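Topology and contacts: notes
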Amino acid sequence: EDKVVQSPLSLVVHEGDTVTLNCSYEVTNFRSLLWYKQEKKAPTFLFMLTSSGIEKKSGRLSSILDKKELFSILNITATQTGDSAIYLCAVASGGGADGLTFGKGTHLIIQP
Amino acid sequence: AAGVIQSPRHLIKEKRETATLKCYPIPRHDTVYWYQQGPGQDPQFLISFYEKMQSDKGSIPDRFSAQQFSDYHSELNMSSLELGDSALYFCASALAGLLVASTDTQYFGPGTRLTVL
């Protein structure tokens, strides 16, 4: 059974801090790893990673995948209160339009 | 940019009733996924469709069925509702391309919050 594990489950930091969120996975026929940000509603897409060692960057957020060690990290620098959310890691595996397997998420709280 | 549309946004039903949730994917997207997210839980994959054909099946109960129509919208039909069906139901859409991984970037709708009393 495919498994996605995120850590920490919860994290409280001060504005301006840098945070690193972790995601490890065990899946059959790995295709890609995705990061989503979920505030009160739908998960919003952040990154999709398919290749090892290639950093994806969007503003203060960046992410990288290690397919040998089966994990990914999501970094957020100079955090702001608007970064407070649940960050979900999901893995696509198998073939065709298969559903994503999600981790439990990291609940990130940024204090002013 | 147009996003995934779901209706209704909120639905309250009683046990043993039926419910139909609708999903309109992003224009030109041909793949639709349904997820169920219970309180404090991660989204659980239910079922997906590509080009109107069922593509993958997850933890969808036998009481539920779904289909994708010729205009690519999808409906999730839920019968004999139980208290445990109370959850947020998300629809996500994707565009299949030349690469299998094209469908991995799924864009989620705002969800339908179903409450079963």
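Look up a bit, the structure's there.
Presented here is a report on the structure given in the accompanying data block. (Residues numbered from 1 in each chain as written. Chains lettered and ligands numbered in written order. Predicted model: local features only at pLDDT ≥ 70, side-chain atom pairs only at ≥ 80, totals over all residues. Heavy atoms only, no water.)

1. Some words on the nonpolar core
Test applied: Nonpolar cores were defined as sets of buried Ala, Val, Leu, Ile, Met, Phe, Trp, Tyr and Cys residues, with membership established by side-chain atoms within 4.5 Å. The buried label goes to any residue with under 20% of its type's maximum accessible area, the exposed label to any with over 50%, and the partly exposed label to all in between, with areas taken from a 1.4 Å probe on protein chains only. The helix count covers DSSP runs of H or I at least four residues long, the strand count covers runs of E at least two residues long, and both are numbered beginning at the N terminus. Any pair of residues with heavy atoms lying within 4.5 Å of one another is described as a contacting pair.
Core analysis: the largest hydrophobic core is formed by 22 residues, its most contacted members being W34, L76, M78 and Y89 of chain B. Elements supplying a minimum of two residues to this core: β3 (19–24), β4 (31–37), β5 (44–50), β7 (64–68), β8 (74–78), β9 (87–94) and β11 (112–116) of chain B. Ignoring anything within four residues of it in the chain, the contact list for L76 of chain B reads A19, T20, L21, W34, L46, I60, F64, S65, A66 and Y89 of chain B. Counting 20 residues, the second-largest nonpolar core is a separate cluster that includes W35, L61, L65 and C89 of chain A.

2. Brief notes about the interface of chain A and chain B
Threshold: Two parts placed together each lose some accessible area under a 1.4 Å probe, and the buried area is that loss summed for both. Any carboxyl oxygen of Asp or Glu within 4 Å of a side-chain nitrogen of Lys or Arg constitutes a salt bridge here. Whenever two N or O atoms come within 3.5 Å, that pair is a polar contact, provided that in protein one can donate a hydrogen and the other can accept it, and provided that, for residues adjacent in sequence, both atoms are side-chain atoms. Lys, Arg, Asp and Glu make up the charged group, whereas Ala, Val, Leu, Ile, Met, Phe, Trp, Tyr, Cys and Pro make up the nonpolar group; the residues left over, Gly among them, are polar.
Taken together, the contacts link 20 residues of chain A with 23 residues of chain B. Buried area between chain A and chain B, both sides added, is near 1,700 Å², and the carbon and sulfur share of it is 57%. On the surface where chain A and chain B come into contact, there are one salt bridge. The salt bridge partner of K104 of chain A is D42 of chain B, with a shortest N-O separation of 3.2 Å. Remark: the boundary between chain A and chain B carries five residue pairs in polar contact (both at pLDDT 80 or more). Only β4 (30–38), β5 (44–49) and β9 (85–93) of chain A provide two or more residues apiece to the side of chain A that touches chain B. With five residues, the top contributor of residues to the side of chain A that touches chain B is β4 of chain A. In terms of residue class, the side of chain A that touches chain B is made up of 11 nonpolar, five polar and four charged.

3. Some words on unusual backbone geometry
The peptide bond linking S7 of chain A to P8 of chain A adopts the cis configuration, its omega dihedral lying at -10°. Tracing the chain through its elements places P8 of chain A in the loop between β1 (3–7) and β2 (10–14). Residues other than glycine seldom take positive phi values, yet N29 of chain A does so here, at roughly 60°. On the secondary structure map, N29 of chain A appears in the loop between β3 (19–26) and β4. With a phi close to 70°, K52 of chain B is a non-glycine residue in the positive phi region. Inspection of the secondary structure assignment puts K52 of chain B in the loop between β5 and β6 (53–57). Taking relative accessible area as the criterion, K52 of chain B reaches 35% and is therefore assigned partly exposed.

4. Points about the state of the cysteines
Between two cysteines, a covalent bond joining their sulfur atoms is known as a disulfide. What counts is decided by this rule: Disulfides are defined as cysteine sulfur pairs within 2.5 Å.
As enumerated under the stated definition, the model contains two disulfides over all chains in all. Sulfur-sulfur distance for the disulfide between C23 of chain A and C89 of chain A comes to 1.9 Å. For the disulfide bridge between C23 of chain A and C89 of chain A, the dihedral angle about the S-S bond is near -65°, and by the sign convention the bridge is left-handed. One end of the pair, C23 of chain A, is in strand β3; the other, C89 of chain A, is in strand β9, with 66 residues separating them in the sequence. Take C23 of chain A and C89 of chain A: they sit in the same class, and that class is buried. Here C23 of chain B is linked by a disulfide to C91 of chain B, with a sulfur-sulfur distance of 1.7 Å. The sign of the S-S torsion, about -55°, decides the handedness of the disulfide formed by C23 of chain B and C91 of chain B: left-handed. Taken as a pair, C23 of chain B in strand β3 and C91 of chain B in strand β9 lie far apart in primary sequence, 68 residues in all.

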